[in-house]
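# Structure at a glance
These are the residues of each chain, in order.
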Amino acid sequence: MTVALAQAMALASSILAPMLALPPARAEQAAHERALELYDHGRPLRAIEELCSAMERNLAAGGYAGETGGYSAELDALTLFWMVRETESWTSELARFLPLAEPLEPVSPQASFYVRYLHGEALRCSGRFEEARALFGSLGYCNDFLLVGPFDNERGSGFSVVHPPETAVDPGQALQGKEREVHWRENPCPEHALFRLTLEELFQPAQQVLAYAATAVQAQSARDVELRVGSSGPIKVILNGQELFARDAERPHFPDQDRIVLPLCAGWNQLVLKLAVEDGPWTIESRFCELSGAPASGLVFDAKHCGRSACSPRESEARGQPTLDVGLGGNPSDALASRALALYHLVVHPDDRALDSDARVAALAVELDPEDVGGRYLMARALRPEVANRSEMA
């Protein structure tokens, strides 16, 4: 090694060392904030380990009690979910997920769901497919659908067009699709371990198109449940012939991105999902929950009954549990709440990717507290090149 090279390496080390030095943990620091700090200093596995340990301590000591305890637990679980997925460290933490998820259930059903979901993905990645499928089934998932498509959706123009499945479902009816006549057919992959519909593998063409998924849900009596969906593209939800929800969004797929209250009638209820795509992945997952957020019980799913005459729509003013963004959005002048909200938008992607919700909320957090390193971390992550180019892709 030449003297010049040695001097250059020494200079680089002296410059980088302070940048890479890990700040000490602060007493008031939330578990997910400390984990993000560790992650952004190149210690992802330590971040996951410390976050799991901090969540265990909080549960043992009642650290998630109080009015905002459920939101804190959900933020910690959401951060854990994201970090394990990013690092693909499934097997190293597999044994910790279920013992962590069970005591989280009464504190925050959504936090418990995120950890159970991780456990299911870890089982799948370990080759334990039947166990994974059983776990996802216990979370209220359903993929018993009849499918029809593809229909035209050139540059998103088809999302507002009403096709026959939106007014009546006739499984024996042939329909004119984008390029050919199309027919209703059963989901060819009902054994998917994650209960997910990977639509780009089921339809051709799979770009600039839309399709419909229909099933029937049987309830013993009239009741309200919550449909929770994760989707990569625009979605409409039609129950018993009545449109209840529509979101025109192109975004990365994440579980439970949207929540829709379904006022079920006694007997069979017809559920139709309109699913669109322009470019990129085309996926959907759906599960049914009580209004409390716990997996729904006492429902029967059978797509063979979706062609029955839908029962009369039933009105309901019921509401499910507030989503994390609603819970955190009530105090826009609070830098801590803004930072947590930015994390939620960065990970869950509830809005269209072109809206840059994560970057805008992170910028607000930095504006409210310019000295806060955590807010700057989140803003830098939201503005990194593969994320910042979303508006060009949308």
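Structure: see above.
As the structure is a prediction and not an experimental result, all values here were calculated from the model.

## Some words on the packing of aromatic side chains
In this structure the tally under the stated criterion is 14 aromatic pairs. Aromatic pair Phe-113 and Tyr-117: ring centres 5.6 Å apart, planes at 75°, arrangement edge-to-face. Here the residue Phe-113 and the residue Tyr-117 both occupy positions in helix H6 (residues 109–125), the gap between them amounting to 4 residues, near one helical turn. Given a relative accessible area of 2%, Phe-113 falls into the buried group.

## Observations concerning the pattern of salt bridges
For the structure on display, the rule yields 23 salt bridges. Between Asp-302 and Lys-304 there is a salt bridge whose closest N-O contact spans 3.2 Å. In the salt-bridge network here, residues are joined through shared partners; they are Arg-34, Glu-37, Arg-46 and Glu-50.

## Remarks on H6
In a regular helix each residue adds 1.5 Å, so 17 residues correspond to 24 Å; H6 covers 24 Å between its end C-alpha atoms and thus fits that length. For H6, a buried count of 13 out of 17 residues is recorded, marking the element as mostly surrounded by other parts of the structure. Positive backbone phi, at 85°, marks Gly-127, one or two positions downstream of H6.

## Structural notes on the side chain of Ser-231
With respect to the helices and strands, the residue Ser-231 is situated in strand S7 (residues 223–231). The exposure class of Ser-231 is buried, given its relative accessible area of 2%. Among the polar contacts made by the side chain of Ser-231, one reaches the main-chain carbonyl oxygen of Gly-233 at a distance of 3.0 Å. A distance of 3.0 Å separates the side chain of Ser-231 from the side chain of Arg-251, its partner in a polar contact. Not counting residues within four places of it along the chain, the set of residues in contact with Ser-231 comprises Arg-251, Pro-252, His-253, Phe-254, Gln-257, Thr-283 and Ile-284.

## Section: the environment of Lys-236
Within the element layout of this structure, Lys-236 appears in strand S8 (residues 235–239). When the C-alpha positions of Lys-236 and Ser-160 are compared, they lie 9.9 Å apart, and in sequence the two are 76 residues distant. When neighbours within four sequence positions are excluded, Lys-236 is seen to be in contact with Phe-159, Ser-160, Glu-166, Glu-243, Phe-245, Ala-246, Val-272, Leu-273 and Lys-274. Polar side-chain contacts of Lys-236 include one of 3.1 Å to the backbone oxygen of Phe-159.

## Observations concerning unusual backbone geometry
Each neighbour pair has its own omega, and for Gly-149 with Pro-150 the value is 5°, a cis peptide bond. Structurally, Pro-150 can be placed in strand S1 (residues 146–152). Cis peptide bonds are those with omega within 30 degrees of zero, and the linkage from Gln-204 to Pro-205 qualifies with -5°. Along the chain, the position of Pro-205 falls in the loop between strand S5 (197–198) and strand S6 (209–219). A positive phi angle, near 60°, is found at Phe-195, a position not held by glycine. As for its placement among the helices and strands, Phe-195 is situated in the loop between strand S4 (185–186) and S5. Phi at Gln-208 takes a positive value of approximately 60°, unusual for a residue other than glycine. The residue Gln-208 is located in the loop between S5 and S6 in this model. What makes Gln-208 buried here is its relative accessible area of 13%.

## Re helix H10 (residues 357–368)
For an α-helix, the turn length of 3.6 residues means that residues three or four places apart are oriented alike. Over its 12 residues, H10 extends 17 Å from the first C-alpha to the last, a length consistent with the 16 Å expected when each residue adds 1.5 Å. For H10, the complete set of buried residues consists of Ser-357, Asp-358, Ala-359, Val-361, Ala-362, Ala-365 and Val-366.

The rules behind these values
- Residues numbered from 1 in each chain as written.
- Predicted model: local features only at pLDDT ≥ 70, side-chain atom pairs only at ≥ 80, totals over all residues.
- Heavy atoms only, no water.
- Phe/Tyr/Trp six-rings, centres within 6.5 Å; stacked < 30°, edge-to-face > 60°.
- Helix = DSSP H or I, 4+ residues; strand = E, 2+ residues; numbered from the N terminus.
- Buried < 20%, exposed > 50% of the residue type's maximum accessible area, 1.4 Å probe, protein only.
- Salt bridge = Lys/Arg side-chain N within 4 Å of Asp/Glu carboxyl O.
- Expected span 1.5 Å × (residues − 1).
- Polar contact = N/O pair within 3.5 Å; in protein donor to acceptor, adjacent residues only side chain to side chain.
- Contact = heavy atoms within 4.5 Å.

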